[in-house]
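# Reading the structure
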Amino acid sequence: MGRTAGRMARMRWRIGVALAATGVVVACSGGTVAAPPASGTWQYQLKGRVDTAVEAGTFDVDLFDTPAETVAALKAQGRTVICYLNAGAVESWRPDVGAVPAELIGAPLDDWPGESWLDVSRAAELRPFLAARFDLCREKGFDGVEPDNVDGYANDSGFDLTAVDQLAFNRMLAELAHERGLTVGLKNDLGQVPDLVDAFDFAVNEQCAEFDECDALQPFVDQGKPVLHVEYELPLTDFCPAPPGFLSIRKPLDLTEEVQACPVAHA
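In this report, we go over the structure that sits alongside the text. (Residues numbered from 1 in each chain as written. Predicted model: local features only at pLDDT ≥ 70, side-chain atom pairs only at ≥ 80, totals over all residues. Heavy atoms only, no water.)

What follows covers the sheet that holds strand β9 (residues 115–118). In spatial order, the strands read β7-β9-β8; together these three strands make up an open sheet with antiparallel pairing. With one partner strand each, in any of the chains shown, β7 (89–91) and β8 (105–108) form the two edges of the open sheet. Ignoring strand direction, the axes of neighbouring strands in this sheet form an average angle of 40 degrees. Here β7 pairs with β9 via three bridges, running antiparallel. The residue bridging E91 from the neighbouring strand is E115, located in β9. (Pairing = 2+ DSSP bridges. Helix = DSSP H or I, 4+ residues; strand = E, 2+ residues; numbered from the N terminus. Axes fitted to C-alpha atoms, helices over the stretch in contact; angles between N-to-C directions.)

So, in structure tokens, the structure goes:
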């Protein structure tokens, strides 16, 4: 499904923000939009018809598979809606895959058939392809975007990528989002959090509790930016209550509608 799944799959390693009563309000060049609420819970569903009845303040759902009508229905219920899209890799089944130059497509992702890394060192050449995806996210009415696979430099991508290449590419993704009035989350890439926290509005993390990495996300918490955290293997009792600033859930790895959330802490 084009998402980092912790070390089971592969190695993972300014914009003004003001806290509002219900969440985080972000001033983007395309307007002021709501980032995921800094409290409550979230739903992460990338497979199957989106279950809009799930009790969650934020829904993170697939860009291509989620119709605009579903986005509108969720927003009418007061939900923040994030579009998931692959940014640092490409999926062979997506309708726009032909827009990627063949020489920019590299090695396959471990454990994710049909997905291949992209040469993020050539960000300028990838920008039109990605801009079209961000445009679609905006056109469907999403509030924000979760660009996935933004740590190719730390994986066997088939390219000689550096940390500097990755930083430039990830900052470009944040720019693409903000130009369109979308908030943007940093997916995993824990080793670069200190360099990227100012450019991103929230974080999406997989399995930091399982691998004892959650402290790496403290810079987001310190800036009042929420961390959308998911575990796949651990029982709730191993990572709840969630750390301050974290919205923590347990999901099946295929990210169907089933979800277990940490109980919401009350002051």
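From this point, things continue past the structure.
All right, on to the nonpolar core then. L130, F169, L217 and F220 are the most contacted members of the largest nonpolar core, which totals 52 residues. At the level of secondary structure, the elements contributing two or more residues to this core comprise β5 (58–62), α1 (68–76), β6 (80–86), α2 (123–139), α3 (163–179), β11 (183–187), α4 (193–196) and α5 (218–222). Beyond its immediate stretch of four places on either side in the chain, L217 contacts L190, V193, A203, N205, C208, V227 and F246. Formed by 13 residues, the second largest nonpolar core is a distinct cluster that contains L46, I82, Y84 and L228. (Core = buried A, V, L, I, M, F, W, Y, C linked by side-chain atoms within 4.5 Å. Buried < 20%, exposed > 50% of the residue type's maximum accessible area, 1.4 Å probe, protein only. Contact = heavy atoms within 4.5 Å.)

Moving on, we get to the sheet that holds strand β12 (residues 202–206). The nine strands lie next to each other as β4-β5-β6-β10-β11-β12-β13-β14-β15, forming an open sheet whose pairing is mixed. Edge positions in the sheet fall to β4 (42–45) and β15 (260–261), since each of these pairs with one other strand and no more. Running over the sheet, α3 touches β10 (144–148) and β11 and is turned about 155 degrees from β11.

This paragraph deals with unusual backbone geometry. Of note, the bond from C240 into P241 is cis; its omega dihedral lies within 30 degrees of zero at 0 degrees. Secondary-structure assignment places P241 in the loop between β13 (227–231) and β14 (246–250). Phi is positive for D111, which is not a glycine, with a value near 70 degrees. Relative to the assigned elements, D111 resides in the loop between β8 and β9. On the basis of relative accessible area, D111 is assigned to the exposed category, the value being 55%. The residue N188 is not glycine, and still its phi comes out positive at about 55 degrees. By the element assignment, N188 lies in the loop between β11 and α4. Residue classification places N188 among the buried residues on the basis of a relative accessible area of 1%.

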